[in-house]
Structure formats: C-alpha cells, structure tokens
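A structural walkthrough
Listed below are the residues making up each chain.
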Amino acid sequence: MEGKEEDVRLGANKFSERQPIGTAAQCQDKDYTEPPAAPLFEPEEIKSWSFWRAGIAEFMATFLFLYITILTVMGVNRSSKNLCATVGIQGIAWAFGGMIFALVYCTAGISGGHINPAVTFGMLLARKLSLTRALFYMVMQCLGAICGAGVVKGYQRTLYETNGGGANVVNPGYTKGDGLGAEIVGTFVLVYTVFSATDAKRSARDSHVPILAPLPIGFAVFLVHLATIPITGTGINPARSLGAAIIYNKAHAWHDHWIFWVGPFVGAGLAALYHQIVIRAIPFKSRP
C-alpha cells in the first residue's frame, strides 16, 4: 500500500504549481530556498493528469465565480429603485471578494487558485509556471466565465438583458483613460497581494502565512470593487469581463472591452516586476 500511495503522490506532483498557495504550501520546508524558475515550454506536462486536473479546477472555479457574482449584480440592479431592499454596492463587493477567498482556498492545492488570466499572466512573467500551463489556464478560465454567465442568463433572460448582464463598461462621467487607469491600479493591487501572500520566503519563515493566503487575496478583491465599481463596474479579471460581454452581447458592452484586457494585463505585469525586482531583488541575487 505504501508503494502505491507513493506512486500516486509522485504522479500528482510531478508537474505541480511551482509556488502553491493556500493549504498547499503548508508542506513546504521551513528552511527557505528560492523556488526554481519554470521552463518556458514544458511539453511533457501535457501528458500528466495533474495538468488537466488543474485546468478543470480553473474552469469550475471561474464558472462558480461568475455564477454567484453575476447573480448578485442582477439582484441589486433589479431592485435599483429601492436600494435598501438589496445588498447594494457593498454586497456586490463582498460577493466578489468572498467568492475569491473561498475558491482560492478550494483550488490552491490543485491549480494554484488563479481564477483570473491577469493573475496567471503575472505568475508567467515571474516564471512560476510554464507558458503551456499559462495558456491552458487562460482558455479554461474564459470558458468557465462564459458558462457561468450563460447559466445566469438562462435563469432570467429578460432581467439579464435589461439590467446590463453584469458586463463591464466605462460609466457615464468617466473617460476611457479613467477606466484604463482604474483597471491598471486595481489589478496591480490584486496581483501584488497574490505575490506577497504566496511568497516562498514568507511561507518558510511564518507557518501561518500559507494558511491565511486566500484571506488577503479575497479582501484585496473586495476593496478594489468598493473603489472602482462606480468607474467601470470593476473588471480586474479579463475572463470575468469576457464571459459577461459574450453572453450579454450588446454593442455598448464591446465599445470599451479592450480596457478590460489591456488594463489588467498591464497592472499584473507591473505588479510582477515590482515584486520580483524591487521587493525580492531576484535578478540581483547570486546563483549557486
């Protein structure tokens, strides 16, 4: 039995996430060592079940994320004439932040708990995963988001189409530049929090950090939504924006759609560079 358990463990972890978050990081050694950079291409991992399992986990997590959050948005918009009867903007922010907290906790040990192409892009720049895995994650995240928004529309088609479908747009009174800036800064806050919460050095020094990692990530999402819902409805997640736009599919939902890809990817890139170069100074450390 021990031999079989060891084989399963090796098979599941052969191509695992280079820097796991949440409960997956509890088993890391206390003595800190810099995690090795992931290769840009790793064709062999495609043959591993852990690779496909991680993609399925990203699909399901993003599906559930869109399902709960878009339903919350629809509920608030439906009762817009009597905001006291709804959870309001604060409730929407809690729905997004709370779902990220729960889903990161659930999927961290399987896929790393990205649930967001911008987070995946930041991890790719930091060499935490291969390009092969990053592209696969992004595709599965987008498919999950489309399915999640589609299920919401299937419940209440008229309500969905008359209340914006949860699609991200630059709201009246703000320019495209305002929207782009809000998305860049908001995603920077999120991805920087992800890097800080999952830092291997902190995990080695403080055993409680890996356990608590989903909490600051979810709280960062909550705070960013409080700040930027009035500006763009808060994207900071290209899959979330794409899923809602495709299912809603109205002309104005596509006018500013590029903002919800460019902004998050720029913000994620800046966060990755800031953490890796300024905070951790990894390029300046001597290699053995």
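What counts, and where the lines are drawn
- Sequence positions are assigned chain by chain, starting from 1 and proceeding in written order.
- Local features are withheld for residues below a pLDDT of 70 in this predicted model, meaning they are given only at 70 or higher, and side-chain atom pairs are given and counted only at 80 or more; totals for whole chains, interfaces and linings count all residues.
- Just so you know, side-chain values use all the structure's heavy atoms and leave hydrogens and water out.
- Only the six-membered ring of Trp is used, alongside the rings of Phe and Tyr, when aromatic pairs are assigned; centres must lie within 6.5 Å, and planes under 30 degrees apart are stacked while those over 60 apart are edge-to-face, with the rest tilted.
- Runs of H or I in DSSP of at least four residues are treated as helices and runs of E of at least two as strands, each being numbered from the N terminus.
- Between buried and exposed lies partly exposed: a residue is buried under 20% and exposed over 50% of the maximum accessible area for its type, with that area taken using a 1.4 Å probe on protein chains only.
- With a 1 Å grid laid over protein atoms only, a set of points is called a cavity when a 1.4 Å probe fits there but cannot get out and a pocket when it is open yet has protein on both sides within 12 Å along at least five of seven lines; lining residues have an atom within 4 Å of a point.
- Grid points are joined across faces, edges and corners, and a volume is the space filled by probe spheres set on the points.
- Note on residue categories: nonpolar means Ala, Val, Leu, Ile, Met, Phe, Trp, Tyr, Cys or Pro, charged means Asp, Glu, Lys or Arg, and polar means any other residue, Gly included.
- A pairing counts as a salt bridge when a side-chain nitrogen of Lys or Arg comes within 4 Å of a carboxyl oxygen of Asp or Glu.

Time to look at the packing of aromatic side chains. Counted by the stated rule, this structure contains 13 aromatic pairs. Look at Phe65 and Phe96: their rings are 5.5 Å apart centre to centre, the planes differ by 80°, and that puts the pair in the edge-to-face class. Highlighted residues: Phe65 in helix α2 (residues 49-78) and Phe96 in helix α3 (residues 88-111), separated in sequence by 31 residues. Exposure class is identical for Phe65 and Phe96. Each is buried. Between the aromatic rings of Tyr67 and Tyr155, the centroid separation amounts to 6.0 Å while the plane-to-plane angle is 70°, which identifies the pairing as edge-to-face. With Tyr67 in helix α2 and Tyr155 in helix α5 (residues 131-155), this pair connects stretches of sequence that are 88 residues apart. A network of ring pairs unites the aromatic residues Phe51, Trp52 and Phe136 as a single cluster.

For the rest of this paragraph, the subject is the layout of surface pockets. In this model, the second largest pocket occupies a volume close to 440 Å³. Around the second largest pocket, the lining is made up of 20 residues, and of these Val73, Asn77, Asn171, Ile229 and Gly233 lie nearest the centre. Elements supplying a minimum of two residues to the lining of the second largest pocket: α2, α3 and α10 (214-232). Considered class by class, the residues forming the lining of the second largest pocket number 10 nonpolar, nine polar and one charged.

On to the pattern of salt bridges. As enumerated under the stated definition, the model contains five salt bridges in all. For Glu161, the salt bridge identified is with Arg157, shortest N-O distance 3.6 Å. With Glu161 and Arg157 both in helix α6 (residues 157-162), this residue pair falls four residues apart, about one helical turn. Three or more residues are tied together by salt bridges with common partners; here these are Lys153, Arg157 and Glu161.

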